Every structure is written in structure tokens, then in C-alpha cells.
Amino acid sequence: MAQKSFNDTFLRACRQEPVTHTPVWYMRQAGRYQPEYRAIRQKYSFFEMNEIPEVCVEVTKLPVEQLGVDAAILFADIMTPLKPIGVDVEIRSGIGPVIDNPIRHLEDVEQLGELDPESDVPFILESIRQLRRDLTVPLIGFGGAPFTLASYMIEGGPSKNYHQTKGFMYAQPQAWEKLMEKLADLTVTYLKAQIKAGALAVQIFDSWVGALNVEDYRTYVAPTMRRIFAELKESTDVPTIYFGIGAGHLLLEWDRLPVDVLGLDWRTSIPEARALGIRKTLQGNLDPSLLLGPWEKIEAKAKEILDQGEEHPGHIFNLGHGTFPELKVETLQRLTQFIHDYSSRRNEV
Ligand SMILES: Cc1c2[nH]c(c1CCC(=O)O)Cc1[nH]c(c(CCC(=O)O)c1C)Cc1[nH]c(c(CCC(=O)O)c1C)Cc1[nH]c(c(CCC(=O)O)c1C)C2
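The residue numbering used here restarts from 1 in each chain and proceeds along that chain's sequence as written. Per-residue local features are limited, in this predicted model, to residues with pLDDT of at least 70; the limit for side-chain atom pairs, both in listing and counting, is 80 or more; totals at the level of whole chains, interfaces and linings are taken over all residues. Values shown for side chains rest on all heavy atoms present in the structure; no hydrogens or waters enter the calculation.

1. Considerations on the site of the ligand
Thinking step 1. Close to the ligand lie 26 residues, the nearest being Arg28, Tyr37, Tyr152, Ser207 and His321.
Thinking step 2. What qualifies as a polar contact is a pair of N or O atoms within 3.5 Å, subject to a donor-acceptor requirement within protein and to the restriction that residues adjacent in sequence count only when both atoms come from side chains. In this structure, Gln29 approaches the ligand through a main-chain N or O atom, which is 3.1 Å from an oxygen atom.
Thinking step 3. Ser207 has a polar side-chain atom sitting 2.7 Å from an oxygen atom of the ligand.
Thinking step 4. Note on areas: these come from Shrake-Rupley sampling with a 1.4 Å probe, and a residue is covered only by the protein chains present in the view. Relative to its free-state accessible area of 890 Å², the ligand is covered by the protein chains to the extent of 91%.
Thinking step 5. Cavity membership is defined here by more than half of the atoms lying within 2 Å of grid points; on that basis the ligand lies in the largest pocket.
Thinking step 6. Each helix corresponds to a stretch of at least 4 residues labelled H or I by DSSP, and each strand to a stretch of at least 2 residues labelled E; elements are numbered beginning at the N terminus. Of all the secondary-structure elements, those providing two or more residues to the shell around the ligand are helix H2 (35-43) and strand S3 (96-99).
Thinking step 7. Of the residues assigned to the shell around the ligand, the class counts are 17 nonpolar, 5 polar and 4 charged. To be near a molecule or strand, a residue needs just one of its heavy atoms within 4 Å of it. Grid spacing is 1 Å over the protein atoms alone, the probe is 1.4 Å, and a cavity is where that probe fits but cannot get out, while a pocket is an open set with protein on both sides within 12 Å along at least five of seven lines and lining residues have an atom within 4 Å of a point. Assignment of a molecule to a cavity or pocket requires that more than half of its atoms lie within 2 Å of the corresponding grid points. The classification used treats Ala, Val, Leu, Ile, Met, Phe, Trp, Tyr, Cys and Pro as nonpolar, Asp, Glu, Lys and Arg as charged, and all other residues, Gly among them, as polar.

2. Considering the UniProt feature "binding site: substrate" (unreviewed entry) in the chain
Thinking step 1. Per the UniProt entry, the sites bearing "binding site: substrate" (unreviewed entry) are Arg28, Gln29, Ala30, Gly31, Arg32, Phe47, Asp77, Tyr152, Ser207 and His321 in this numbering. Restricting the annotated residues to those that line the largest pocket leaves Arg28, Gln29, Ala30, Gly31, Arg32, Asp77, Tyr152, Ser207 and His321.
Thinking step 2. Relative to the elements of secondary structure, Arg28 occurs in the loop between helix H1 (9-14) and H2.
Thinking step 3. Contact criterion: two residues are considered in contact whenever any of their non-hydrogen atoms come within 4.5 Å of each other. For Arg28, the residues in contact, after removing those within four places along its chain, are Tyr33, His321, Gly322 and Thr323. UniProt positions are given in the numbering used here, feature names are shortened, and annotations may be inferred rather than shown by experiment.

3. Section: the side chain of Gln194
Thinking step 1. When you line up the elements, Gln194 lands in helix H10 (residues 173-197).
Thinking step 2. Ignoring sequence-local partners within four residues, the contact set of Gln194 consists of Leu74, Ile124, Leu125, Ile128, Gly141, Phe142 and Ala199.

4. Some remarks on empty space enclosed by the protein
Thinking step 1. Grid points are joined across faces, edges and corners, and a volume is the space filled by probe spheres set on the points. Considering all chains together, one arrives at 2 cavities of 30 Å³ or more under this definition.
Thinking step 2. Empty space within the largest cavity amounts to approximately 40 Å³.
Thinking step 3. Lining the largest cavity, in full, are Gly244, Gly246, Ala247, Gly248, Leu251, Trp254, Gly263, Leu264, Asp265 and Thr268.
Thinking step 4. A class-by-class count of the residues in the lining of the largest cavity yields 4 nonpolar, 5 polar and 1 charged.
Thinking step 5. Around the second largest cavity sit Phe6, Leu131, Arg132, Leu135, Val137, Pro138, Leu139 and Leu200, which together line it.
Thinking step 6. Residue classes in the lining of the second largest cavity are distributed as 7 nonpolar, no polar and 1 charged.

5. Details of the sheet that holds strand S4 (residues 139-144)
Thinking step 1. In this analysis, strands are considered paired if DSSP registers two or more bridges between them. Spatial ordering of the open sheet is given by S1-S4-S5-S6-S7-S8-S9, a layout of 7 strands whose pairing is parallel. Bordering the open sheet on either side are strand S1 (72-73) and strand S9 (315-319), each of which pairs with just one other strand.

6. Side note on the packing of helix H8 (residues 146-155) against helix H9 (residues 163-171)
Thinking step 1. For every element, the axis is a line fit to its C-alpha atoms; helices are fit only across the contacting stretch, and the angle between N-to-C directions ranges from 0 to 180 degrees. Contact geometry of H8 with H9 gives a least axis separation of 8 Å together with a crossing angle of 105°. Compared by their axis directions, H8 and H9 come out roughly perpendicular. Facing Phe147, Ser151, Ile154 and Glu155 of H8, the residues of H9 in contact are His163, Gln164, Thr165, Phe168 and Met169. Just so you know how the angles are binned, under 35 degrees is roughly parallel, over 145 roughly antiparallel, 65 to 115 roughly perpendicular, and the rest oblique.

7. Looking at the pattern of salt bridges
Thinking step 1. By definition here, a salt bridge exists when the distance from a side-chain nitrogen of Lys or Arg to a carboxyl oxygen of Asp or Glu is within 4 Å. Summed over the entire model, instances satisfying the criterion amount to 15 salt bridges.
Thinking step 2. The partner of Arg15 in a salt bridge is Glu17, with the nearest N and O atoms 3.7 Å apart.
Thinking step 3. A relative accessible area of 44% places Arg15 in the partly exposed class.
Thinking step 4. A 1.4 Å probe rolled over the protein chains alone gives each residue an accessible area, and that area as a share of the maximum for its type sets the label: buried under 20%, exposed over 50%, partly exposed in between. Judged by its relative accessible area of 30%, Glu17 falls in the partly exposed class.
Thinking step 5. Notably, a salt bridge pairs Asp185 with Arg227, separated by 3.1 Å at the nearest N-O pair.

The following block contains the structure:
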């Protein structure tokens, strides 16, 4: 059988090169909306799925084969590299990460170890090498940003208001700085190892950083993010992506960072981001809840987003946040097909 040629559309959009169609992938594209995922998940804990390369590879490939998306994202969690440095985390179904030993003081921060990817997460690197051999689309590696990782480490689990996290930041600024420094080192080491193993782009998820105002972001987070992206840029030319939820007010700060692509949630439209003067590639931003609505509404919004994305080079279609269990596989299949058909017809003329 002839081998399928490599589809590099996603990478071309990251670099703002001409594309035949708008590339699309979905955050949390591997997940509980897929019956195949649910069947595997019944047999293993989340981290077992993560730590057994055959399972991790299968689950990563599933949405690529089922939906026809233009990129794969490694099946793992932002918490995966925290276990080896001494964070007692498990993923509870329907809740998310839960941590038994939350951080309270400087001493807790000082006790955290350093990550050695080759010995601490060999299964991640093995899965990436295998995926790089098998896939005909780019594999996106990823990690959590220090603020978002810290929010779980301090709160002990998901949070609505981040009181503990922000309280720690305001009350113990030196311990906070130390924590940011350690998590930045971990993020850079982890992402560099993923790139060396074969990841062709990396996304940093700062899902909860929108909880900060601009001034606090500048003081407590931006220097760390600047260092992470700068250190990645020094050693590699793979595209970098930065994403957060409810973070439209931080977009201008993000734009100043040495990152290539900015991910938008559904609250900030592409024209609003462009009106701020942002010229980087944008990724997003269909509201995932809309996927529970009638197809006509989904199609109209997808079309609008594709048209908005066309006005400046560099658009990657995605959801404004992750998929969720109630979604139908067929809806995402139809949406992917529509994005490909509509954008390739447009790009022909
Ligand atoms: C990129 C990614 C993540 N998690 C998973 C992936 C896998 C790759 C993919 O298919 O996208 C698998 C991934 N991670 C998890 C699941 C569901 C687990 C299950 O099957 O029980 C999956 C498929 C568990 C998890 N892990 C986390 C949550 C959120 C909890 C909260 O609201 O605070 C949850 C529910 C933490 C987490 N994990 C992640 C983020 C950043 C992106 C986002 O905001 O969605 C965050 C905040 C990132």
C-alpha cells in the first residue's frame, strides 16, 4: 500500500506560510466523548494509560483516524511530569487532578525535585518516538504553564476562584518566585525532551491564568513565561503555542512574549485580537458548548471563524477549550470535514 504523504498544513499555519486549507485539531481531542476511549479507560487508571506506550500511542492516534484532524496531541496530562518530582497526584474521573500533599510553605517548594525526562518519564519519550514513526500529521507536545500547575499544587485540586493560589502569591512572594523558577525549569526540560523525541510543535496550557489582572500577570507570571519561551527559542525552531481561558485581557502581554501562536478561547474573537495589533498566528476559537446545538448554528459559526481567520495569514481552527464527555463523535467528524471543504474551496480561488 502506498504510504500517505505527510500533512504539514498545521506547521505551515504556525509559520504563516501559504496553506491549501485551514488546519484543525481539537483540545482534549482524545477523551471521554469517544466510546473507544471510554472502553480503554475502564481497564486502566489515567496514569496507566499514560505510562503504557502502546495504550498512549493508540489513544493519541484515535482522534486523528476518527476525525481526520491535521495534528495529533500527545495523550498525557499537564500533571504527568509532576509525579516524579514528588507531587502525589491522581486523576479522578469526572473531577480531574487531586493532590494529597498541597504546597503551603517555602519548605514544601524546596522539597520538590528536578525532572530528568529520560529516567522519570521514559514512557512519554517512547510514545513520542513511536508516534513520530506512525503519524502522517505533526505531533504536538505539551506542558502546563507554571501558574496553572501551581494552582493545582496549592489548591490540591480544581478551583473556582484560586484564593489559595493567589493568597500564596501575595503573602509569600519569595516562595512563589522559587516555585515559578522550579516549574519553569521543569517545563523547559520536559518540552525540550519531547521535541528531541519527535514533537514538531509544543503548546503550553496556562488554562487558569485569566484569574489574574494585567498588573499581577506582569509582576508574578510574565517574567517566568518570557524565560520559558526564550529558552525554547534558543535551542529549537519548533513552533510554540500559548493558551489560556478567560485571558483576553492578557493578550497584549502574551503578544510581547517570544511565542509563535496564541490560543483564543471563545470570549475573544479573532477580529478583536487583530484589532489589538496582534500579528502572530491565532488558534481557536469555537465555543465547545455550541457543539450541543443544531448543525446550522455550528456551521454558521465555523464559517464566520474561518472567514475571520483568513483576513491575516496564520489561523489554526480549534475549539475555545477542550471537548467534553457529552459531545458526539459525529459532530466533530462533520465539523472537521466542513472546515476542510469550506477552507480548501476558498483557497482555490
Ligand atoms: C492536553 C491534555 C490535557 N489533559 C489531557 C490532554 C490530552 C491530550 C488531548 O487529547 O488534548 C488528557 C486528560 N486529562 C484529564 C482527562 C479526563 C480523564 C478521564 O478520562 O477521567 C483527559 C482525557 C483529566 C483532567 N486533567 C485536568 C482536568 C481539568 C480539571 C479542572 O477543571 O481543573 C481534567 C478533567 C487538568 C488539565 N489537563 C490539561 C489541562 C490544560 C488544558 C485544559 O484546560 O483543558 C488541564 C487544566 C491538558
